[in-house]
Amino acid sequence: MTVAQQFILIGTVALSTMLTRFLSFWVFPANKPTPKYISYLGKALPPAVFGLLVVYCLKNVSLVTWSHGIPELIAIAAVVILHLSFKKMLLSIAGGTLLYMLLVQLVF
């Protein structure tokens, strides 16, 4: 990559980042009410994304091979317990991931 191409690439990335950050403020200014459809998406999409992630993470779990999905089930239980106990999403995700990695590396 030449120096000119590097500058063009950096400029394009910076412009794209700024555009995606500022676009929502231009499309939905503070002095106008947010459309009901956008409010609905703001409420409906987060649970849908988490459901999608759960399905994606568990799609290759085999119940007929060794470990039978036990580390995954233990990690899921840990995530649920952590989230119900502390209501901290980052703690729940990090704790479940750490427990799963420890189980897979050291136990199963």
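Refer to the structure presented above.
What comes next concerns the included structure. If you're wondering where the values come from, they're calculated on a predicted model, not measured in any experiment. Counting restarts for each chain, with residues numbered from 1 along the sequence as it is written. Confidence filtering applies because this is a predicted model: local features only for residues at pLDDT of at least 70, side-chain atom pairs given and counted only at 80 or more, and all residues used for totals across whole chains, interfaces and linings. Excluded from the side-chain calculation are hydrogens and water; included are all heavy atoms of the structure.

### Side note on the overall build of the protein chain
Helix numbering and strand numbering both begin at the N terminus, where a helix is a DSSP run of H or I of at least 4 residues and a strand a DSSP run of E of at least 2. Scanning the protein chain from N- to C-terminus turns up four helices and zero strands. Just to be clear, the radius of gyration here is over C-alpha atoms, and the globule rule we use is 2.2 Å times residues to the power 0.38. Taken over the C-alpha trace, the protein chain has a radius of gyration of 21 Å; the compact-globule value for 108 residues is 13 Å, which it surpasses by more than 25%. Any two residues having at least one pair of non-hydrogen atoms within 4.5 Å are treated as being in contact. Of the contacts formed within the protein chain by residues at least 6 apart in sequence, a portion of 40% connects residues at least 24 apart. If you sum the accessible surface of the protein chain, you get close to 9,100 Å²; carbon and sulfur atoms cover 76% of it. Note on areas: these come from Shrake-Rupley sampling with a 1.4 Å probe, and a residue is covered only by the protein chains present in the view.

### Some details on helix H3 (residues 70-86)
Multiplying 1.5 Å by the helix residue count minus one yields the expected span of that helix. Between the first and last C-alpha of H3 there are 24 Å, a value that for 17 residues agrees with the 24 Å anticipated at 1.5 Å per step. The buried label applies to any residue whose accessible area, calculated with a 1.4 Å probe on protein chains only, is under 20% of its type's maximum; exposed applies above 50%, and partly exposed to all values in between. Buried residues of H3: Pro71, Glu72, Ala75 and Ala78, and no others. All buried residues of H3 project into a common sector of 125 degrees when viewed along the axis, lining one side. Set apart from the buried face of H3 by more than 90 degrees, the exposed residues are Leu73, Ile81 and Leu84. Tucked inside the fold, the buried residues of H3 contact helix H2 (36-58) and helix H4 (89-107). Count one or two residues on from H3 and you reach lysine 87, which has phi positive near 55 degrees. In this description, the arc belongs to the directions extending from the helix axis to the C-beta atoms.

### A few points about the packing of aromatic side chains
In this scheme Phe, Tyr and Trp rings, the latter by its six-membered ring, pair at centre separations within 6.5 Å, and the angle between planes marks the pair as stacked below 30 degrees, edge-to-face above 60, and tilted otherwise. For the structure on display, the rule yields two aromatic pairs. With a centroid separation of 6.2 Å and 50 degrees between ring planes, the pair formed by phenylalanine 22 and tryptophan 26 is classed as tilted. Here tryptophan 26 and phenylalanine 22 lie together in helix H1 (residues 3-27), a separation of four residues that amounts to about one turn. Ring geometry for tryptophan 66 versus phenylalanine 108: centroids 6.1 Å apart, planes at 45 degrees, classification tilted. With tryptophan 66 in the loop between H2 and H3 and phenylalanine 108 in the segment after H4, this pair connects stretches of sequence that are 42 residues apart. Judged by relative accessible area, which is 64%, tryptophan 66 ranks as exposed.

### Describing H1
Relative to the 36 Å expected for 25 residues at 1.5 Å per residue, H1 spans 35 Å between its end C-alpha atoms, a close match to the ideal helical length. The term bend refers to the angle at a residue between two fitted axes, each drawn through seven residues, those ending there and those starting there. Of all the bends in H1, the greatest, near 30 degrees, is centred on arginine 21.

### Thoughts on the environment of phenylalanine 22
A residue is classified by how much of its surface remains accessible, and phenylalanine 22, at 40% relative accessible area, is partly exposed. Remark: the alpha-carbon pair of phenylalanine 22 and leucine 9, spanning 13 residues in sequence, is separated by 20 Å.

### Observations regarding the packing of H3 against H4
The geometry of H3 relative to H4 is characterised by a closest axis approach of 8 Å and an angle of 155 degrees between their N-to-C directions. Looking at the two axes, H3 sits roughly antiparallel to H4. Judged by the sense of rotation from one axis to the other, the crossing of H3 with H4 is right-handed. Note on element contacts: H4 touches H3 through Met89, Leu91, Ser92, Gly95, Gly96, Leu99, Tyr100, Leu103 and Val104, opposite Pro71, Glu72, Ile74, Ala75, Ala78, Val79, Leu82, His83 and Phe86. Looking at the contact of H3 with H4, its residues break down into 13 nonpolar, four polar and one charged. Inter-axis angles, ranging from 0 to 180 degrees, are taken between N-to-C directions of lines fitted to C-alpha atoms, where helices are fitted over the stretch in contact. Orientation categories follow fixed angle ranges, with anything under 35 degrees roughly parallel, anything over 145 roughly antiparallel, 65 to 115 roughly perpendicular, and all other angles oblique. Less than a right angle of anticlockwise turn of the near helix away from the far helix marks a crossing as left-handed, whereas a clockwise turn marks it as right-handed. Polar here means any residue other than Ala, Val, Leu, Ile, Met, Phe, Trp, Tyr, Cys and Pro, which are nonpolar, and Asp, Glu, Lys and Arg, which are charged; Gly is therefore polar.

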